Structure formats: C-alpha cells, structure tokens
Amino acid sequence: MCGIVAYLGYRQACPIILKGLHRLEYRGYDSAGVALMNDGELNVYKKKGKVAELENFIAEKDTHARVGMGHTRWATHGEPNDTNAHPHYSTSERIAIIHNGIIENYAALKTHLQQQGHEFHSDTDTEVFVNLIEEIQQHNHCNLEEAVRLALHEVVGAYAIVVMSRDAPNQLIAARKGSPMVIGIGDGEFFIASDATPIIEYTNEVVYVNDYEIAIIRDGRLELRSKEDVEQTPYIQKLELELDSIEKGGYEHFMLKEIFEQPRSIMDSMRGRLEMNAGHLNMGGFRAYEQKFVNAQRIIVVACGTSWHAGLVAEYLLEDLARIPVEVEYASEFRYRNPVITERDIVIAISQSGETADTLAAIELAKSKGATIFGICNVVGSSIARATDAGAYTHAGPEIGVASTKAFTAQVTVLTLLAMLMGQKRGTLTDTKLRELMVELDTIPAKVEKALLLDDEIRAIAATFCDVPNFLYLGRGYNFPVALEGALKLKEISYIHAEGYPAAEMKHGPIALIDENMPVVVIATRDSSYEKVVSNIQEVKARKGRIIAVVTEGDDVIRDMAEFVIEVPYTSEALVPLVSVIPLQLLSYHIAVMRGCNVDQPRNLAKSVTVE
Ligand code: F6R
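Residues numbered from 1 in each chain as written. Predicted model: local features only at pLDDT ≥ 70, side-chain atom pairs only at ≥ 80, totals over all residues. Heavy atoms only, no water.

- Naming follows an unreviewed UniProt entry, where the chain appears as Glutamine--fructose-6-phosphate aminotransferase [isomerizing] of Hymenobacter caeli.
- In its Subcellular location (unreviewed entry) section, the UniProt entry covering the chain states "Cytoplasm".
- If you open the UniProt record of the chain and go to Catalytic activity (unreviewed entry), you find "D-fructose 6-phosphate + L-glutamine = D-glucosamine 6-phosphate + L-glutamate". (UniProt positions renumbered as here; feature names shortened; annotations may be inferred.)

1. A few points about the overall build of the chain
Then, number 1: Check the secondary structure of the chain and you find 19 helices and 27 strands.
Then, number 2: Relative to a compact globule of 612 residues, whose C-alpha radius of gyration would be 25 Å, the chain shows 25 Å and is just as compact.
Then, number 3: Based on the C-alpha atoms only, the size of the chain along its principal axes is roughly 80 × 55 × 45 Å.
Then, number 4: Out of the 612 residues belonging to the chain, those deemed buried represent 61%.
Then, number 5: Considering only intrachain contacts with a sequence separation of at least 6, the fraction spanning at least 24 residues in the chain is 72%. (Helix = DSSP H or I, 4+ residues; strand = E, 2+ residues; numbered from the N terminus. Rg over C-alpha atoms; globule rule 2.2 N^0.38 Å. Buried < 20%, exposed > 50% of the residue type's maximum accessible area, 1.4 Å probe, protein only. Contact = heavy atoms within 4.5 Å.)

2. With respect to the environment of V439
Then, number 1: Inspection of the secondary structure puts V439 in helix α15 (residues 431–452).
Then, number 2: In this structure V439 comes out as partly exposed when scored by relative accessible area, which is 39%.
Then, number 3: Through-space distance from the C-alpha of V439 to that of M276 is 7.5 Å; in sequence the pair is 163 residues apart.

3. So, the UniProt feature "active site" (unreviewed entry) in the chain
Then, number 1: Mapped onto this structure's residue numbering, the UniProt feature "active site" (unreviewed entry) falls at C2 and K607. In three dimensions, the annotated residues from a span of 606 residues occupy one location, with a maximal C-alpha spread of 9.2 Å. Those annotated residues that line the largest cavity are C2.
Then, number 2: Among the secondary structure elements, C2 is positioned in the segment before β1 (3–8).
Then, number 3: Owing to a relative accessible area of 6%, C2 belongs among the buried residues under this scheme.
Then, number 4: Contact partners of C2, with chain neighbours within four places excluded, come to R27, G28, H71, T72, R73, W74, H99, N100 and S194. (1 Å grid on protein atoms, 1.4 Å probe; cavity = no way out; pocket = protein on both sides within 12 Å on 5 of 7 lines; lining within 4 Å.)

4. Here's the deal with helix α12 (residues 357–368)
Then, number 1: With 12 residues, α12 should reach 16 Å at 1.5 Å per residue; the first-to-last C-alpha distance of 17 Å fits that figure.
Then, number 2: The secondary structure elements touched by the buried residues of α12 are β18 (298–303), α11 (331–334), β20 (345–351), β21 (372–377) and α13 (383–387).
Then, number 3: Taken from the residues just after α12, G370 is the one with a positive phi, measuring 90 degrees. (Expected span 1.5 Å × (residues − 1).)

5. So, the sheet that holds β18
Strand-to-strand pairing in sheets goes through backbone hydrogen bonds, with the strands running parallel or antiparallel.
Then, number 1: Reading across from one edge, β19-β18-β20-β21-β22 is the order of the five strands in this open sheet, with parallel pairing throughout. The sheet terminates laterally at β19 (326–330) and β22 (390–393), the two strands that pair on one side only. Sheet twist, expressed as the average angle between the axes of neighbouring strands with direction ignored, equals 20 degrees.
Then, number 2: The pairing of β20 with β21 spans six bridges and is classified as parallel. Pairing of I348 across the sheet is with F374, part of β21.
Then, number 3: Across the sheet, helix α10 (residues 305–322) is in contact with β18, β19 and β20; its angle to β19 comes to roughly 175 degrees.
Then, number 4: Sitting on the sheet, helix α14 (residues 406–426) is in contact with β18, β20, β21 and β22, with an inclination near 160 degrees to β20. (Pairing = 2+ DSSP bridges. Axes fitted to C-alpha atoms, helices over the stretch in contact; angles between N-to-C directions.)

6. A look at the packing of helix α17 (residues 479–494) against helix α19 (residues 576–594)
Then, number 1: Contact geometry for α17 and α19: axes closest at 9 Å, N-to-C directions at 20 degrees. As summarised for this structure, α17 and α19 are arranged roughly parallel, according to the angle between their axes. Handedness of the crossing formed by α17 with α19: right-handed. Across the interface between the two elements, N479, V482, E485, G486, K489, L490, I493 and S494 of α17 pack against V576, P577, S580, V581, L584, S588, Y589, I591 and A592 of α19. (Parallel < 35°, antiparallel > 145°, perpendicular 65-115°, else oblique. Left-handed = near helix turned anticlockwise from the far one by under 90°.)

7. Here's the deal with the layout of surface pockets
Then, number 1: There is about 1100 Å³ of room inside the largest pocket.
Then, number 2: As for the largest pocket, its lining consists of 40 residues, of which E240, L241, N378, G397 and P398 are closest to the centre.
Then, number 3: Of all the elements in the fold, those that place two or more residues in the lining of the largest pocket are β15 (236–238) and α7 (262–270).
Then, number 4: At three residues, the largest contribution of residues to the lining of the largest pocket is made by α7.
Then, number 5: Split by residue class, the lining of the largest pocket holds 13 nonpolar, 13 polar and 14 charged.
Then, number 6: Surrounding the second largest pocket, 30 residues form its lining, C304, G305, T306, L488 and V609 being those nearest its centre.
Then, number 7: Elements with a contribution of two residues or more to the lining of the second largest pocket: α10, β20, α12 and α17.
Then, number 8: Its residues placed into classes, the lining of the second largest pocket shows 13 nonpolar, 12 polar and five charged. (Points joined across faces, edges and corners; volume = space filled by probe spheres on them. Nonpolar A, V, L, I, M, F, W, Y, C, P; charged D, E, K, R; others polar.)

8. Concerning the packing of aromatic side chains
Then, number 1: Applying the stated criterion across every chain, the model contains 11 aromatic pairs.
Then, number 2: Between the aromatic rings of Y316 and Y478, the centroid separation amounts to 5.4 Å while the plane-to-plane angle is 45 degrees, which identifies the pairing as tilted. Placement of Y316 in helix α10 and of Y478 in the loop between β23 (470–475) and α17 is noted, with a sequence separation of 162 residues between them.
Then, number 3: The exposure class assigned to Y478 is buried, which follows from its relative accessible area of 4%.
Then, number 4: Among the aromatic residues, those joined into a ring-pair cluster are F465, F471, Y473 and F564.
Then, number 5: One Lys or Arg, K47, reaches over the ring of F57 and ends 4.8 Å from the middle of that ring.
Then, number 6: Between the NZ or CZ atom of R603 and the centre of the ring of Y495, over which it lies, the distance is 3.8 Å. (Phe/Tyr/Trp six-rings, centres within 6.5 Å; stacked < 30°, edge-to-face > 60°. Lys NZ or Arg CZ within 6 Å of the ring centre and 35° of its normal.)

Structure follows, in structure tokens:
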C-alpha cells in the first residue's frame, strides 16, 4: 500500500519521480504528491486522485530540481484528500517526509508533540512522524540523520520513509521496517522506490534495504547504518527485470495482458523444475529441506486473498499426492489465535507481493515456535522471501493489475510441483502416477492457451450478465477453491456481489438466493465429483437459476441443462484449477470493462497490503 519514489542526481528529478509514481500507482491511487528541492527551497505539491491529476496540477509550476521524492497513497489514517496526501511537512516546513506503512502509536506521539507546540493539518500518522523528527532535531541540536535514527526508536509500526530537509538540500535519508524499499545505484545518481519498477530503465544495480536500516544518500555515495548507528555494508544485487514486463504491450489493461501471459508464466514457473527429458523434478528450495518435508507431521499454509485460494488448492494436492495433513489458514486469523505449532510442522507462506503484513506476521509467529518456513513468492528479494527458511519463487514476472491472475496460476503450478516432489520423496506417489502427472503438467501451458481462445465467447456471456447485482459460483473438490477465486475476481473488479461455495453446501443456505435472476457459475469439469456436480446443477435449474457451466470439452450432458456452456480442455483432476480458472478470470474482466470499472486499479484496493 502506497508507493514511494525518490531521486538524487544530475538529471531533472520531477519527470523521473512522476514516471516512477505511474509505475507504482498499482500500490495505491487515491492521492499523490511530490517534494522538490530547488535552490534551497523545499516545495511540496500534492493532489487528491490519480498521479495524472497531480501532473496536471504541477504542469504550470516550477518543478526544476535535482533532488526530490514522490508518493502515491492508499489511505489508512484520514480520507483521501489534498491535505492527507503525502509528502507532509513538519511544522516549520523545513523537513518533508513520504511514508508507506502505519505508525501505531501515533495518537500518543501526537498529543506529546502538540504540547511541544507542533501544529497538525492532516489526519495522518505520517505528519506525526515528521514532527517527531523535527522535535528531536530541535531538542537534541543534532543533524537530520541522527534525528531520524532517534525517531525510529520511538515509533511503533511499519514504515518505509524518505526524508528531505531544507537544511541539507543535497541529501536523502530513508529507512524501513516492514514496508519494502529498494535503492538503485546509477552513475552519480540514486533512486529510492517501493519496488524496482521505477528504477529499471536507469540502472540494474540495486540494494534491498533491510528492516531497521537507515540509508543516507549524500556526497555521491550511499551509506547504510543500523538503528544502533553501526555502519552496514550495502549488498549490491543485479536486477533481472525487463522493461517490457512492466508495460501493457498493446493490451487495453494490465489484467488482460497478465491473463494472456499465463501459458508463458506457467511455463516459467516450471522451468528447470519439471525436467521431462531427464524424467525428474527439481526444486532448489526443497532440496535443502528434503528431510524436513519427508518427516513433517503436518503442513500449515498461511496466506491471504487469492494466495489463500492457491493454498486451498494445495490442501487438495498435498493430501492427495503426499498424504500429509494440511491446514490452510488466513494469515490474519492465524497470527492472532494461539495456534498449536510444533517443530515438525512446515509452514508454507504464499504471497505474490512477498510484502503482505499479515502473512509476514504469521511467519514470525510460526518461526518463534520452531516450525520450518517455506515461502512461495513472486517478487524476488521481497520481505517474505527473505523471512523464510527456504522457498521457491513463482517466476510469473511482475503482476501489475491489482486483481491477481497469473500469480495465482504460478502459485498453483509451484504448489503442484511441491506436492509431487513430496509425494515422491515420502513414497506416497508411485513412479507411474508421478510420470503421468509430469506428462500432463507439461501440457498445461498449451491447454491454457486453448482456454484463452474462449475469450470472444466469454465476452458475449459477459454482455448478458454485466448488469446483474449478484452472482453465485459453485465447485467441488479441486474446483471449490476455483469457485472462490472466480467470485473474488468478479467482486473486486466489477463491484458485483459474488459468493463462492462448495456446490453441495448450496442446499444448506445459499439455495434460498436462487431464482430466475440469479446467475450461477458452476465449474463442472470431468472429475471424480462430476456426477455430484451434475446433481447440484439440477438443483439450481429446478429453481430457475441461470446456469453458466465450465465443462470439459465434449460434455453433452450439461449442455442440455445450462444456459451457457464454456468448454475447457481436459486435464487430470489434480491439475484442473490451472485450466478451469481461466474462463472465470476472463468473465470477470469483461464484465468489469462493460460496467466501466477501472479494472487495473479497482476502488479501495491496493496491490501490496502492507498494513494488517
Ligand atoms: C486478489 C488479490 C488479493 C491478494 C492478497 C494477498 O486478486 O490480489 O486478494 O491475493 O492481498 O496478496 P499477496 O499474494 O501479495 O500476499
């Protein structure tokens, strides 16, 4: 939530910052602002709305500056408006700050600072942070760096901040705890950002700032210090991100591009892991912990949202193929329960962004109880990837549309490989079955490609239903998580109320909703629960529900019952979510477009949820 970007160097800072804000807009888009240092003047410009509105606002202003910073906001404290937008000045307007995160003890700090004469204009916790820095600096007569360092000892919560001061015009101070931050190192120039996307076209040398580190950029160098003021050695890494991967490439929306990228992203998730020629599976992160996986007594999956749905698919996979008990937990609930966790448990944390605050906290809890933590993340170098004992990257490439699509299928692919590996090593999967699954998994990118050919057909179905107020999604077995995911996709981008249910549960309540106006998406591919799902379709039909069925190619039985039938290629039951989810992604996309919704940046959402 919230994107931060800053620049210090020989170029004009403002265009670099604005371009960076556009790239980071997926993280938050209710207001945006910049602070620019020009001739010893520290000017802040900010505006409610998208980055484009900020651009219009500053078009006539003097934005010359070689040092500056910008922010795109996802509101936590205070509604989205011009005043609550970042950057925030301190009372004297000598210091400005941008902040991604939440300061939990802001109320107590604010009262104290008000007593010291500091004035507040916004409802934000961030304005408290910058005044705290100012208060410390005035009180201790210290430089900005020292004041920031001391302030970090007083704030409780999460932050990635950049601070600028009129008194040190050629300097940027940054710090992080719990919110992401990466620094790009160019030739005589530096970039700070929430992720690498604003940086890639300028340099491929980056330093991922660690929690409790303070970065000082001045005099042409980057210095990293700990909160205890001990100098740290920056670990410079090479970025492996392509510029094309963060641009729309001719598609109308990132979401559509990402849906269509899935044959490729699934293949990338399998690359080097599914070795068909050699006939074996390979996963670096698994190898180092193989004995732990073999001897584990239980797997606990922690995740949120779509990643939690991938976790549910993993429950079916791991129980089926590796015969191990699995619990799938909402990270937000797990962290605040008093869960029973032992050293023989393996916790699998799934997160596209690798920054989700609840998932991170669940990891810390499980770690403290001695469990082994295995991460499945998309963003390389992200906080979760670094907090886990071992893991596997999904390699889906940057996912910019806020609604997760290719990250989900990449997660499911990696989880499938993991379940197969575990099944093999635990002796629960015969060589023949393993080989069959490998052969079938290898065909999945082509089957997804085929499912994507349904796009026009699905657009026509979307046109029929784009004005309805409610949707129900039903599935059983491996398709139950797919039903949940289909419903989540629809509600988050089209704002249509949608519920996903295990098909058989319908008669225990939701069936009361069904009448001639209720569209019911039933995922009814040929698998072990097919006959049962057919009965559930009959139950919907008997109540005049409007059935849209996702079926296996060649299914004539359901064709006679459903108003619309979407035929996807056949695959093994364990792999079916990778194919059956595709039409649901397309359906939600087209409905949202037809309703005039902002598909890539749905209201109230942000891509990376770094607050609990
Ligand atoms: C839905 C969606 C969210 C995320 C959730 C977890 O389309 O994207 O539900 O899945 O916020 O995010 P990550 O996977 O980054 O931990």
